[in-house]
Amino acid sequence: MCGIVGYIGNDDAKEILLTGLEKLEYRGYDSAGVAVRSKDNTDLFKVKGRIATLREAVDSNVTATTGIGHTRWATHGQPNQTNAHPHQSTTGRFTLVHNGVVENFQELKDEYLSDVNFVSETDTEVIVQLMERFEKDTNDTLEAFRRTIELLHGSYALAVLDHDAEDTVYVAKNKSPLLVGLGDNFNVVASDSMAMLQVTDQFVELMDEEVVLVTKDHVKIQKLNGEEVTREPFTAEIDASDIEKGTYPHFMLKEIDEQPFVMRKIIQEYQDENDQIKLDQDVRQAMADCDRVYIIAAGTSYHAGLIGKEFLEKIAQVPTEVHIASEFSYNMPLLSEKPLFVFISQSGETADLRSVLVEVNRLGHPALTMTNVPGSTLSRESNYTLHLHAGPEIAVASTKAYTAQMAVLVILAVDTARAKGLTLDFDPLKELAIVGNAMEALCDQKDQLEKIAQEYLQTTRNCFFIGRGLDYFVGLEGALKLKEISYIQAEGFAGGELKHGTIALIEEGTPVIALATQEHVSSSIRSNVSEVVARGANACIISPEDLYKEGDAFTFSDVHPLLTPLASVVTLQLISYYAALHRDCDVDKPRNLAKSVTVE
Ligand code: F6R
């Protein structure tokens, strides 16, 4: 979603900002812009479309050592050049970039700015016009900034330039993430540390209700009441080479291929010197103390949660519910006496989850976040964190984070079972190693999966995924993957549910991808396949070796039956990838989607 960068120092600001915005491209956006402050002017460059277009639009003759930049994912107003950020106040004195949504922008316009001629359709422009209005009243930029942010309702991360003041970037946030990066004779601002790893790995977290003044050699953090705050920087532990594509044509393919290594990394991180599970004692205790787990997640992470429920109930005998975060926020079910909330989020920044977490914290219930980004908002605001160790995931379509989520969930389930004294004939670390090998073998069979994608999905309008039990949940994920990157209308169904309505949609040639990985339902899912084939469907059965039957389209090496989702989903990821590729879709940056969904 929207991204912010800012630079103040001695070097060419525009180059650092543009490179920073390129690093944020993976988050999804529809327009972009930069503003650079030189002696005479604050110059604005904005475009609809890609950063490459912005690069061409930026005047290479402009020299400036201070600036801000933005990638926009439209919420208020069309994705066009006028609505792109940065926005300027009427006189051009203040220039601003903003992530988030100002919920009361219309009220603010009516109350304070009825005489102002607005240029854009955005909620954001209100903020910069308020700055100008309050500066006129007070003759004090900091005071104007403070007054402005006190009036804003909703979520925001802001960086503002004042052309008339000394070189300073004014920064504040509420709910949306924002960091200040520290350097020698320069400082930077970024909504995601990845944007500025090119110049520093030292970052200071900003909190809600703070006002921050960034100059090239100082960062001053104040609470809204003026009280000064000191905060130590942290080191961003991301290897810059992890965020390069290398020889891969797409991040998605690279990330699919990385899954065997992610499995090995998880084993390494969650194993002690005696080859036993290593888990934070507090997490273990929280699991032991709860009478029910409430998993809260969205999209792909929700699908991992559905599998997690099976693990927690079947292995650890912990009653578990899985909820879509955006539904839970507005419709909280009756809670058990001792609930434990588990937030599953690759990014750790998803706004729908955060609004549930705020409520959970208010109610005083314990919260555990499972995330790929340990310093993220959800991780910071929860009592406990479990790290997914998947490495940066750049493609919008989540792949390796999903399998990492399931791997960490199974470790958590087994650890809980052992802590309860349950006898288990199941070593998750050994089983995950087998999964890693199966994934590797699978990734070596790309040609076969590419052919399947061509045969079944090259020209189709729609596609169904069916399965029973765990396979049903994997089918939901397969359908999400396919629709988001290839734009094929795809749906996942429980095999037995088809004849209750959906089978009406089956016609000559309709692709139906069936997962048959669970022995106890193998014959029922195969009967469901016969039912659709009898009505003209083009069925593609995927099975593990020990359940293979002649005619199956693809088979993968055996893994523990509970862990088949971690292997079978890789086939669906690759089929989706090739389907999108052969339909000429932008695999890594599908239309309308954002990597990190920071608005509700
Ligand atoms: C789909 C996908 C999304 C995310 C969802 C939640 O490929 O990536 O469905 O899973 O937006 O995001 P996180 O896990 O970051 O909370």
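Residues numbered from 1 in each chain as written. Predicted model: local features only at pLDDT ≥ 70, side-chain atom pairs only at ≥ 80, totals over all residues. Heavy atoms only, no water.

A.B. asks: Sorry if this is basic, but what is going on with the domain arrangement of the protein chain here?
C.D. replies: Interfaces are often sized by the accessible area lost when the parts come together. Once the domains are mapped, the protein chain shows domain 1 (2-236), domain 2 (248-438) and domain 3 (445-600). The straight-line distance from the C-alpha centre of domain 1 to that of domain 3 is 43 Å. Facing the ten residues of domain 1 at the interface are nine residues of domain 3. A buried area of about 870 Å², summed over both sides, lies between domain 1 and domain 3, and 57% of it is on carbon and sulfur atoms. (Domains from an automatic or database assignment. Contact = heavy atoms within 4.5 Å. Buried area = accessible area lost by both parts, 1.4 Å probe.)

A.B. asks: How should I be thinking about the environment of Ala-514 in this particular structure?
C.D. replies: Mapped onto the fold, Ala-514 is located in strand β23 (residues 511-515). In this structure, Ala-514 is in contact with Ile-466, Val-529, Cys-540, Ile-541 and Ile-542, ignoring residues within four places of it in sequence. (Helix = DSSP H or I, 4+ residues; strand = E, 2+ residues; numbered from the N terminus.)

A.B. asks: Which parts of the structure should I look at to understand the pattern of salt bridges?
C.D. replies: Proximity of charged atoms lets side chains of opposite charge pair with each other. Under the criterion given, the structure shown has 34 salt bridges. Lys-14 is the salt-bridge partner of Asp-12, the closest N and O atoms lying 3.2 Å from each other. Glu-205 is the partner of Arg-380 in a salt bridge, and the nearest nitrogen-oxygen pair spans 2.8 Å. Of this pair, Arg-380 sits in helix α12 (residues 377-381) while Glu-205 sits in strand β11 (residues 202-205), and the two are 175 residues apart along the sequence. For Glu-205, a relative accessible area of 16% corresponds to the buried category. (Salt bridge = Lys/Arg side-chain N within 4 Å of Asp/Glu carboxyl O. Buried < 20%, exposed > 50% of the residue type's maximum accessible area, 1.4 Å probe, protein only.)

A.B. asks: Where do I start with the side chain of Thr-19 in this structure?
C.D. replies: For Thr-19, the position within the fold is in helix α1 (residues 13-24). Setting aside its immediate chain neighbours within four residues, Thr-19 contacts Arg-55 and Gln-198.

A.B. asks: How do you make sense of the packing of aromatic side chains when you look at a structure like this?
C.D. replies: In this description, an aromatic ring pair is defined by two values, namely the gap between the centres and the angle between the planes. Across all of its chains, the model carries ten aromatic pairs by this definition. Considering the side-chain rings of Phe-145 and Tyr-170, the 5.8 Å spacing of their centres and the 65° angle between planes classify their relative orientation as edge-to-face. One end of the pair, Phe-145, is in helix α5 (residues 141-151); the other, Tyr-170, is in strand β8 (residues 169-174), and 25 residues separate them in sequence. Side by side, Phe-145 and Tyr-170 carry an identical accessibility label, which is buried. Between Phe-341 and Phe-343 the ring centres are 6.4 Å apart and the planes differ by 25°, which places this aromatic pair in the stacked class. Here Phe-343 falls in the buried class, since its relative accessible area comes to 0%. Ring pairs connect the aromatic residues Tyr-294, Phe-328, Phe-341 and Phe-343, which therefore count as one cluster. (Phe/Tyr/Trp six-rings, centres within 6.5 Å; stacked < 30°, edge-to-face > 60°.)

A.B. asks: Just checking my understanding: could you explain the site of the ligand for this structure?
C.D. replies: The ligand sits among 15 residues. The nearest are Ser-301, Ser-345, Ser-347, Thr-350 and Glu-484. Between Val-396 and the ligand, the recorded distance is 3.4 Å, taken from a backbone N or O atom to an oxygen atom. Separating an oxygen atom of the ligand from a side-chain N or O atom of Lys-481 is a distance of 2.8 Å. Its free accessible area being 410 Å², the ligand has 90% of it covered by the protein chains. Elements that contribute at least two residues to the shell around the ligand include exactly α9 (299-314) and α16 (470-486). Residues of the shell around the ligand, tallied by class, amount to five nonpolar, eight polar and two charged. A domain split of the shell around the ligand shows at least three residues from each of domain 2 (248-438) and domain 3 (445-600). (Near = heavy atom within 4 Å. Polar contact = N/O pair within 3.5 Å; in protein donor to acceptor, adjacent residues only side chain to side chain. Areas by Shrake-Rupley, 256 points an atom, 1.4 Å probe, with all protein chains shown as cover. Nonpolar A, V, L, I, M, F, W, Y, C, P; charged D, E, K, R; others polar.)

A.B. asks: So what exactly am I meant to see when it comes to helix α4 (residues 125-138) here?
C.D. replies: Every α-helix winds through 3.6 residues per turn, so residues three or four apart in the chain are directed the same way. For α4, spanning 14 residues, the distance from its first C-alpha to its last is 20 Å, which sits close to the expected 20 Å at 1.5 Å a residue. Counted residue by residue, α4 has ten buried out of 14 residues, so it is predominantly covered. Taken residue by residue, α4 has Glu-125, Val-126, Ile-127, Val-128, Gln-129, Leu-130, Met-131, Glu-132, Phe-134 and Glu-135 as its buried positions. The inward-facing, buried residues of α4 abut β5 (87-88), β6 (94-102), α3 (105-112), α5 and β7 (154-162). (Expected span 1.5 Å × (residues − 1).)

A.B. asks: Whenever I open this one, the sheet that holds strand β20 (residues 384-387) confuses me. Can you help?
C.D. replies: Working definition: the strands of a sheet are paired by backbone hydrogen bonds and lie parallel or antiparallel to each other. In space, the five strands of this open sheet follow the order β17-β16-β18-β19-β20, with parallel pairing throughout. Edge positions in the sheet fall to β17 (320-324) and β20, since each of these pairs with one other strand and no more. Going across the sheet, the axis of each strand differs from the next one's by a mean of 20°, ignoring polarity. Where strand β16 (residues 292-297) and β17 come together, five bridges link them in parallel fashion. By the bridge assignment for β17, Tyr-294 is matched with Glu-321. On the sheet, helix α8 (residues 281-289) packs against β16, β18 (339-345), β19 (367-371) and β20 and is oriented at approximately 110° with respect to β20. Strand contacts of helix α13 (residues 400-419): β18, β19 and β20, with the helix running at about 140° to β19, the strand carrying the most contacts. (Pairing = 2+ DSSP bridges. Axes fitted to C-alpha atoms, helices over the stretch in contact; angles between N-to-C directions.)

A.B. asks: Looking at this structure, how should I read unusual backbone geometry?
C.D. replies: Excluding glycine, most residues fall at negative phi; most peptide bonds, likewise, are trans. Of note, the amide linkage connecting His-85 to Pro-86 takes the cis form, showing an omega dihedral of 0°. Within the fold, Pro-86 resides in the loop between β4 (66-72) and β5. The phi dihedral of Asn-139 is positive, around 60°, even though this residue is not glycine. Tracing the backbone through its elements, the reader meets Asn-139 in the loop between α4 and α5. Taking the relative accessible area as the measure of exposure, Asn-139 reaches 65% and is therefore exposed. A positive phi angle, near 70°, is found at Lys-175, a position not held by glycine.

A.B. asks: Just to check I follow, could you spell out the sheet that holds strand β15 (residues 234-235) for this structure?
C.D. replies: Taking strand neighbours across the sheet as the criterion, the eight strands line up as β3-β2-β4-β1-β10-β9-β11-β15 in an open arrangement whose pairing is antiparallel. Looking along the sheet, the strands with just one partner apiece sit at the ends: β3 (42-48) and β15. Where strand β9 (residues 179-182) lies against β11, three bridges are found, and the strand directions are antiparallel. The partner of Leu-179 across the bridge, within β11, is Glu-205. Sheet contacts for α1: β1 (3-8), β2 (31-37) and β4; angle to β1, the most-contacted strand, approximately 155°.

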